[in-house]
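Chains, contacts and geometry: an overview
Listed below, chain by chain, are the residues.
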Amino acid sequence: MFKGFYNLTSAMLTHQNNLNVIGNNMVNISTAGYKQDRYVASTFDDVMYSRVTVNESSGTEIGRQSYIRAASEIYTDYSQGTPEPTDLPLDFAIVGDGFFAVQDPDGNIGYTRMGNFSLDEEGYLCLPGFGQVLGPEGEPIYLGTDKIRGDKAGVLFYDQPPDQGGSIAIGQLGVYSFEDNQALERNDRGLFTGEGAEQSQDYEIWSQYLERSNSDMVKQMTEMITYQRALQSAAQVTKIYDQVMSRAASDVGRFA
């Protein structure tokens, strides 16, 4: 008699989780290189079967029903964002496959598409608030100046006057890729972490550009309104269902 509560509660939880993910996407609309998330839910039985070894062929299942949905995963969309010119010498955008590598003061390495770099106090290329940017061999990149330019391979040049030798290469940006991007995890600082990083082979580095977030504001707003209304409807129906069940229980008791 009370099975409807499972369905309604599941709906409210699912819509709320969708709203949480959409809210995070909207907050990061202006974050360079941000990759939007999507919430994916499955029936509770499917999630249980996928995590517990169950012999489903041992008998015939009759009338299987699932009254609640469970969080399956947060799917990250790694599609290319639009490169946007900034005219700043330490801004870089990856066009293609791969991530910049950033090492924090504790030695932890995270991966990101954010390319709004700067110089730290020692002259090393860094992502402000995160750590030093790494080169192809996992080494910090010392520049000592922001009077640089970069080519599409990520090689960084310092342009000296012609009488002093002209342009010299002083570093190179490392671009790392993974066999399966969905195996990466986003940490609490917004960087991706994972094992098996290799040098990417399919990319270009655009100097004085930043990659925009691939999250579309109009689409996110539309989805937010849809899930908000669905959540409100489920909550309203839950109240009505509760009133109906209360009335049914009191009437059955009176007739008895």
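Owing to the predicted nature of the structure, the values given are computational and were not obtained by experimental measurement.

Within the protein, the secondary structure is distributed over 3 helices and 18 strands. Counting contacts in the protein only where the partners sit at least 6 residues apart, residues at least 24 apart contribute 65% of the total. A total of about 15100 Å² of accessible surface is found on the protein, and carbon and sulfur atoms cover 51% of it.

Our next topic: the side chain of aspartate 37. With respect to the helices and strands, the residue aspartate 37 is situated in strand β1 (residues 37-43). Ignoring anything within four residues of it in the chain, the contact list for aspartate 37 reads Val21, Asn24, Asn25, Ile74, Tyr75, Thr76 and Arg186.

A few words now on the environment of alanine 93. Looking at where alanine 93 falls in the secondary structure, it is placed in strand β4 (residues 92-96). The spacing of alanine 93 and glycine 33 is 60 residues in sequence and 8.0 Å in space, taken between C-alpha atoms. If we ignore the near neighbours within four places in the chain, the residues touching alanine 93 are Glu204, Ile205, Trp206, Tyr209, Leu210 and Glu211.

By the secondary structure assignment, leucine 143 is in the loop between β9 (131-133) and β10 (148-150). Using a relative accessible area of 7% as the deciding quantity, one classes leucine 143 as buried. Each C-alpha atom of the pair leucine 143 and tyrosine 124 lies 5.8 Å from the other, and the pair is 19 residues apart in sequence. With residues up to four places along the chain from it excluded, the contact list for leucine 143 reads Leu90, Leu119, Gly123, Leu125, Ile148, Leu156 and Ile170.

Attention now moves to the pattern of salt bridges. As enumerated under the stated definition, the model contains 7 salt bridges in all. Taking the shortest distance from any N to any O, the salt bridge between arginine 149 and aspartate 159 comes out at 3.0 Å. Taken as a pair, arginine 149 in strand β10 and aspartate 159 in strand β11 (residues 155-159) lie far apart in primary sequence, 10 residues in all. Among the salt bridges present, the one from lysine 152 reaches glutamate 204, with a minimum N-O distance of 3.9 Å. Taken together, the positions of lysine 152 in the loop between β10 and β11 and glutamate 204 in strand β17 (residues 203-207) put the pair 52 residues apart, joining distant regions of the chain. The exposure class of lysine 152 is exposed, given its relative accessible area of 52%. When salt bridges that share partners are traced, they join Lys35, Arg113 and Glu211 into one network.

As a further point, take the nonpolar core. By size, the foremost hydrophobic cluster in this structure holds 20 residues, and its most contacted members are Phe92, Phe117, Leu125, Leu156, Leu173 and Ile205. Looking at this core, the elements that each hand over two or more residues are β4, β5 (99-103), β8 (125-127) and β17. Apart from the residues within four sequence positions on either side, leucine 125 is in contact with Leu90, Phe117, Ser118, Leu119, Gln132, Val133, Ile141, Leu143, Leu156 and Leu173. If you look at the next biggest cluster of nonpolar residues, it comprises 9 residues, including Tyr78, Tyr111, Leu134 and Tyr176.

Scanning the entire structure with this criterion turns up 10 aromatic pairs. Each ring, one from phenylalanine 100 and one from phenylalanine 117, has its centre 5.1 Å from the other, and the planes form 75 degrees; the classification is edge-to-face. Remark: phenylalanine 117 occurs in the loop between β6 (109-112) and β7 (118-119) and phenylalanine 100 occurs in strand β5; sequence separation between them is 17 residues. Classification of phenylalanine 100 by relative accessible area gives buried; the value is 0%. With a relative accessible area of 6%, phenylalanine 117 lands in the buried category. Geometrically, the ring pair formed by tyrosine 111 and tyrosine 176 is edge-to-face, given 6.1 Å between the ring centres and 65 degrees between the ring planes. With tyrosine 111 in strand β6 and tyrosine 176 in strand β13 (residues 175-177), the pair connects residues that are 65 residues apart, well separated along the chain. Taken individually, tyrosine 111 and tyrosine 176 each receive the classification buried, so the pair is uniform in this respect. Positioned above the aromatic ring of phenylalanine 157 is the side chain of arginine 149, whose terminal nitrogen or guanidinium carbon lies 4.8 Å from the ring centre.

Cut-offs applied
Residues numbered from 1 in each chain as written. Predicted model: local features only at pLDDT ≥ 70, side-chain atom pairs only at ≥ 80, totals over all residues. Heavy atoms only, no water. Helix = DSSP H or I, 4+ residues; strand = E, 2+ residues; numbered from the N terminus. Contact = heavy atoms within 4.5 Å. Areas by Shrake-Rupley, 256 points an atom, 1.4 Å probe, with all protein chains shown as cover. Buried < 20%, exposed > 50% of the residue type's maximum accessible area, 1.4 Å probe, protein only. Salt bridge = Lys/Arg side-chain N within 4 Å of Asp/Glu carboxyl O. Core = buried A, V, L, I, M, F, W, Y, C linked by side-chain atoms within 4.5 Å. Phe/Tyr/Trp six-rings, centres within 6.5 Å; stacked < 30°, edge-to-face > 60°. Lys NZ or Arg CZ within 6 Å of the ring centre and 35° of its normal.

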